[in-house]
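If you want the building blocks of each chain, they are given just below.
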Amino acid sequence: MNYSINTPEGTRDRLFAECRERRQVQNALTHLFLQRGYAEVSTPEVEFYDLFLQSGNPMPQESMLKIIDRSGKIMVMRPDCTAPIARVAATKLKTVPLPQRLYYNQTVFRSGDAHKGGSNEIAQCGIELLGASGQKADLEMVAMAVDALKSCGLKDFHVELGHVGFFHELAKGMEIPAETAEQMRSLIEGKNYAALGDLLAPYSGQAACTALMRLSHLFGGAEVLDEALELAGSSESVCYLRELYRQLSEAGYGEHLRFDLGLVHQIDYYTGVVFRGYVEGAGNAVLSGGRYDNLVEAFGRSAPATGFAVDVDAVAGCLPGAEPPRLSTVIHFGMGDLARALAVLDTMSAGTCELSPCKTLDSTMNLAREKGASVVLSIKDGIRRSIAL
């Protein structure tokens, strides 16, 4: 009987170029993070399920990959890096002065929809700025998001800014049940205009209703901030975004910034500025982050925080494919000449030369032809001889 051995659903093998491109993105990001004063932390791939309940993480439990340990406790494959890092900051790093700048280069695991073809393994590089509130911290984080995508070699990208406070300001002006407000948030986030209109129809007489109806349309350049202020009359959140934009533009980041005031995802988790990064060629956001001032406190230490994560494979998939190195030389060496052969190999460009495991020179030459090499370098008794194929 023939058996087909495949990878589990939502996972796949990555070969050659994909590995190089992933490492290229990871190296670029981690270099930037280190340069800007962020220190690396690593958390376990398996965490207790209760950790994410305690953190108030908005991720639905069905999206977590669960396992049971020997004592019967429910554990999950790490679905998110921020909550475990908040745990570390509140425990292992509780005596370290704030603010703390931390970065990670890890894989998260999520149970996706089998029909959407998504990956259950997501390589992420990200940063967390813990213990810093206010405009300067938000400026640093948005600038870091832009620079992170630049450092990977991307050109056609932008970062969309929003503020969860704007939705709160508008929702407070309406007399609606909490369930309706949550449903409204979901429809705005999904830009489901028809369903949103039906939901808000019974409240059309209320002043904030018009603004909420337009909220999912308020995305684009800085002009959407003017429209938002016209609709709302006044808004601390929109004025805050406008000032951020002014400061970032003066620093040279304006060309990569857009706005989406309908960016109201995970409204109970985020507490201020939220943002997403988009790249031409990627179907979804390749970067996501924002301010989450209440998370670390859930583990016993009060610390406002902000951060973001980059989807490494999504970014790598948008980069122009680099031509891989081609094998040009195979080294045949005699017994006792291993050190000399390795010394020669180490002078060659990576990927262009390899040692032959063959016993005879003829076998090495046949191997070299099969692999498409053009030269066999024979090293025997310290004597080097180059043979063109």
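Higher on the page you've got the structure.
Treat the numbers as computed from the prediction; the structure is a model and nothing was measured. (Residues numbered from 1 in each chain as written. Predicted model: local features only at pLDDT ≥ 70, side-chain atom pairs only at ≥ 80, totals over all residues. Heavy atoms only, no water.)

(A) Structural detail: the sheet that holds strand 9 (residues 257-260). Read from one edge of the open sheet, nine strands run 1-5-6-12-11-10-7-9-8, paired in mixed fashion. Each end of this open sheet is capped by a strand with a single partner; those strands are strand 1 (39-40) and strand 8 (219-220). Examined bridge by bridge, strand 7 (residues 157-163) and strand 9 share three bridges and lie parallel to one another. Each residue of the ladder has a partner; that of Leu161, found in strand 9, is Phe259. Across the face of the sheet, helix 4 (residues 135-151) comes into contact with strand 5 (100-109), strand 6 (121-130), strand 7, strand 9, strand 10 (273-279), strand 11 (287-291) and strand 12 (305-311) while running at roughly 10° to strand 12. (Pairing = 2+ DSSP bridges. Helix = DSSP H or I, 4+ residues; strand = E, 2+ residues; numbered from the N terminus. Contact = heavy atoms within 4.5 Å. Axes fitted to C-alpha atoms, helices over the stretch in contact; angles between N-to-C directions.)

(B) Structural context of the packing of aromatic side chains. Scanning the entire structure with this criterion turns up six aromatic pairs. When the centroid spacing of 5.3 Å and the interplanar angle of 70° are considered together, the rings of Tyr245 and Phe259 count as edge-to-face. Placement of Tyr245 in helix 10 (residues 236-250) and of Phe259 in strand 9 is noted, with a sequence separation of 14 residues between them. Under the relative-accessibility criterion, Tyr245 is labelled partly exposed at 24%. Taking NZ or CZ as reference, Lys66 lies 5.9 Å from the ring centre of Tyr49, over its face. Its guanidinium or amino end placed over the ring of Tyr38, Arg101 lies 6.0 Å from that ring's centre, counting from NZ or CZ. (Phe/Tyr/Trp six-rings, centres within 6.5 Å; stacked < 30°, edge-to-face > 60°. Buried < 20%, exposed > 50% of the residue type's maximum accessible area, 1.4 Å probe, protein only. Lys NZ or Arg CZ within 6 Å of the ring centre and 35° of its normal.)

(C) Quick look at the pattern of salt bridges. Under the definition given, this model contains 14 salt bridges. Of the charged contacts, one joins Lys371 and Glu354 as a salt bridge, the two residues approaching to 2.8 Å between their closest N and O atoms. In this pair, Lys371 is assigned in helix 13 (residues 361-371) and Glu354 in strand 14 (residues 353-355), connecting sequence segments 17 residues apart. Relative accessible area serves as the criterion here: at 45%, Lys371 is assigned to the partly exposed category. According to the relative accessible area criterion, Glu354 is partly exposed, its value standing at 24%. Connected through salt bridges with shared partners, the residues Arg14, Arg22 and Asp313 form a single ionic network. (Salt bridge = Lys/Arg side-chain N within 4 Å of Asp/Glu carboxyl O.)

(D) Representation of the sheet that holds strand 4 (residues 74-77) within the structure. Spatially, the three strands line up as an open sheet ordered 2-4-3, and their pairing is antiparallel. In this open sheet, the two edge strands, each paired with only one partner strand, are strand 2 (46-48) and strand 3 (66-68). This sheet shows a mean twist of 40° between the axes of neighbouring strands, independent of strand direction. Two strands pair when backbone bridges link them, and strand 2 and strand 4 are joined in this way by three bridges, in the antiparallel orientation. Residue pairing for strand 4: Val46 is matched across the bridge by Met77.

(E) Structural context of unusual backbone geometry. Cis geometry marks the peptide bond from Leu98 to Pro99; its omega dihedral reads 0°. Along the chain, Pro99 turns up in the loop between helix 3 (82-90) and strand 5. Positive phi, normally seen in glycine, also occurs at Phe16, with a value near 50°. Along the chain, the position of Phe16 falls in the segment before helix 1 (17-35). Backbone geometry places Asp381, a non-glycine residue, at a positive phi of 55°. Its place among the elements puts Asp381 in the loop between strand 15 (375-380) and strand 16 (383-388).

(F) Inspection of the nonpolar core at higher detail. Ranked by internal contacts, the top residues of the largest apolar core, which has 71 residues, are Phe33, Phe275 and Phe308. Broken down by element, this core gets its largest block of residues, ten residues, from helix 4. Setting aside its immediate chain neighbours within four residues, Phe308 contacts Phe33, Tyr104, Gly126, Ile127, Met141, Met144, Ala145, Ala148, Phe275, Leu287, Ser288 and Gly289. In this structure, Val41, Tyr49, Cys81 and Ala86 belong to the second largest nonpolar core, which totals 30 residues. (Core = buried A, V, L, I, M, F, W, Y, C linked by side-chain atoms within 4.5 Å.)

(G) Structural view of the state of the cysteines. Inspection of the entire model under this criterion finds zero disulfides. Not part of a disulfide, Cys353 finds its nearest cysteine sulfur in Cys358, a span of 14 Å. Residue classification places Cys353 among the buried residues on the basis of a relative accessible area of 11%. (Disulfide = S-S within 2.5 Å.)

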